[in-house]
Amino acid sequence: PEPVQTWSEETGTPAAPAPEPTPAPVTGWQPGYYVKVNVTANTVTVYTSDDEGNYSQPYMAMVCSTGTATPTSGVYTLGWRAEWQPLFGGVYGQFVTQIDGNILFHSVPYTEFGNRGSLEYWEFDLLGTSASMGCIRLQVCDASWIYYNRDDIVAVEFYCSPDPGPLGKPTAPLISDNERCRNWDPTDPNPYNPWLQPDPEPTPEPIPIPTPTPEPT
């Protein structure tokens, strides 16, 4: 709006317009989450607001895999998301959320689109190390949390530190040796996930039936 024009009583000329009031800074608790990606430690830490409006309260931590093209600094706002998305290298990600350009949050890659039982289990075993081309790989439980909470995440910040963060660095299980289950992410809640099924009962060894000794004639 136009500033209000006033007159100077002393000179009879227009006085300088009154300055616009400076808005008061936002204070107090703020909703949502602030996500920090520690590229060096391969850890994601989620923060919530404190009573002064600073996102300083550690809420949860995730183990991840970053890569050579991962940003090492900067603050970004999340973009589009997709439950399944083709990735570089002819593989596919589940629970994909865009950070910036081709840098995404997503699960460990799968070899078949939409097939939760086609996990690259050898790549899952690399979680916690730098193993991607640049995206942030996560367990399904963590990738889905970001996917479903996208609208409540105010920003994602990248930084580098040997200190994983206030909640430490979680670990992911090593799954390659489990041939029955390894094609699935252990944290996938799908009811067909074999990690959620009890181990099958072992087949009992057959009990041999003794051959009767023929009676002498």
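Residues numbered from 1 in each chain as written. Predicted model: local features only at pLDDT ≥ 70, side-chain atom pairs only at ≥ 80, totals over all residues. Heavy atoms only, no water.

Draft legend 1. Here's a closer look at the overall build of the chain. For the chain, the helix and strand inventory stands at 2 helices and 9 strands. Beginning at the N terminus, the succession of helices and strands in the chain can be written as β-β-β-β-β-β-β-α-β-α-β. For the chain, buried positions account for 42% of its 217 residues. Restricting the contact set of the chain to residue pairs at least 6 apart, pairs at least 24 apart contribute 58%. (Helix = DSSP H or I, 4+ residues; strand = E, 2+ residues; numbered from the N terminus. Buried < 20%, exposed > 50% of the residue type's maximum accessible area, 1.4 Å probe, protein only. Contact = heavy atoms within 4.5 Å.)

Draft legend 2. Seen up close, the environment of Thr45. Mapped onto the elements, Thr45 comes out in strand E2 (residues 43-48). By relative accessible area, which is 1% here, Thr45 ends up buried.

Draft legend 3. Structural view of the nonpolar core. Counting 32 residues, the largest nonpolar core has Val44, Phe105, Ile136, Leu138 and Val156 as the members making the most contacts within it. Take this core: its biggest share by element is 5 residues, from helix H2 (residues 140-148). In terms of nonpolar packing, the next biggest core, distinct from the first, is built from 5 residues, Leu87, Val96, Leu104 and Cys135 among them. (Core = buried A, V, L, I, M, F, W, Y, C linked by side-chain atoms within 4.5 Å.)

Draft legend 4. Representation of unusual backbone geometry in the model. In this model, Asn42 sits at a positive phi of 55°, which is unusual for a non-glycine residue. One non-glycine residue, Phe95, adopts positive backbone phi at about 55°. With respect to the helices and strands, the residue Phe95 is situated in strand E6 (residues 91-100). A relative accessible area of 5% places Phe95 in the buried class.

Draft legend 5. Here's a closer look at the pattern of salt bridges. Across all of its chains, the model carries 4 salt bridges by this definition. The partner of Asp188 in a salt bridge is Arg116, and the shortest N-O contact between them spans 2.8 Å. Of the two residues, Asp188 is situated in the segment after strand E9 (153-159) and Arg116 in the loop between strand E7 (103-107) and helix H1 (121-124); the sequence distance between them amounts to 72 residues. Of the residues examined, Asp188 reaches a relative accessible area of 0% and is grouped as buried. Its relative accessible area of 18% is what places Arg116 among the buried residues. Arg150 is the salt-bridge partner of Asp151, the closest N and O atoms lying 3.1 Å from each other. (Salt bridge = Lys/Arg side-chain N within 4 Å of Asp/Glu carboxyl O.)

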